Amino acid sequence: MSAAATVLEDGSVLSRTDRFFFRMESFLNLAGGMAIFLLVMLATINVLGRWLFSSPISGYVDWVEQAMAFIAFLGIAYTQRQGGHIRMDILIGQLHGRFLWFTELLTTCVMFVLTLVLIYGSYLHFWRAFSIGDSSLDINLPTWPAKLVVPVALSILAMRLALQIWGYFRAVRQGGDDPVAVPLIETAAQVAAKEAESVSSSQENGK
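Residues numbered from 1 in each chain as written. Predicted model: local features only at pLDDT ≥ 70, side-chain atom pairs only at ≥ 80, totals over all residues. Heavy atoms only, no water.

Some thoughts on a nonpolar patch on the surface
Okay, so step 1: Judged by side-chain polarity, Tyr120, Tyr123, Leu124, Trp127, Phe130 and Trp144 come together as a nonpolar surface patch covering roughly 640 Å² of accessible area.
Okay, so step 2: Topologically, Trp127 is positioned in helix H4 (residues 97–132). (Patch = residues over 30% accessible without salt bridge, like charges linked within 9 Å, V, L, I, M, F, W, Y side chains within 5 Å. Areas by Shrake-Rupley, 256 points an atom, 1.4 Å probe, with all protein chains shown as cover. Salt bridge = Lys/Arg side-chain N within 4 Å of Asp/Glu carboxyl O. Helix = DSSP H or I, 4+ residues; strand = E, 2+ residues; numbered from the N terminus.)

Written out as structure tokens, the structure is:
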């Protein structure tokens, strides 16, 4: 996994808002990590129970299916803030100044509109499951909590995108190469240097 993109900070309202949202996104990302940890523990107990006592966890597949929504969506806004989503930088990486920030502003607006559509659709999906009392096939586990996670996580992503739209609009207006509250595009050499520094720090802390 590549190192996180650089996000600059200053004393502006935009930067303070960015840091506030980042704390919330970090908490949700941690919750997603805890969901992965609990799922690994559940899988371990299931395997040991089947092997030692011939008694696997009842409804194991149902629990795994419900956990997938938490794992997949809770960290989505955090990843957007860190510039970690898959993107094509071959063309955009050659741009600079206001033209670069205008391009980023345009693509972020498209993402924002698409996210709003997904919020609407996923909320309807949640409400349908909640209204009819939809449940899993094996142990009748309610499915609406996992389905609620999707519109909630996407709503937080929409707020992050709105904040980045603000940041890119500010960058277009002011110009320059160092806007705040948005992930900066880094060259392959810069990414490699950050990853090497991260590995070196990890090795030093492990001694």
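After that view, the rundown keeps rolling.
Topic: the packing of helix H2 (residues 60–73) against helix H5 (residues 144–174)
Okay, so step 1: Running from N to C, H2 and H5 point in directions that differ by 15°, and their axes come no closer than 8 Å. What the angle tells us is that H2 and H5 run roughly parallel. Considering only the axes of H2 and H5, their crossing is left-handed. Touching Gln66, Ala69, Phe70 and Phe73 of H2 are Pro145, Ala146, Val149, Val150, Ala153 and Leu154, all from H5.
Okay, so step 2: For the contact of H2 with H5, a count of residues per class yields nine nonpolar, one polar and no charged. (Axes fitted to C-alpha atoms, helices over the stretch in contact; angles between N-to-C directions. Parallel < 35°, antiparallel > 145°, perpendicular 65-115°, else oblique. Left-handed = near helix turned anticlockwise from the far one by under 90°. Contact = heavy atoms within 4.5 Å. Nonpolar A, V, L, I, M, F, W, Y, C, P; charged D, E, K, R; others polar.)

Overview of H2
Okay, so step 1: Helix length check: H2, at 14 residues, gives a terminal C-alpha distance of 21 Å against a target of 20 Å (1.5 Å per residue), a fit within 8%.
Okay, so step 2: Structurally, H2 contributes buried residues whose contacts are with helix H1 (13–53) and H5. (Expected span 1.5 Å × (residues − 1).)

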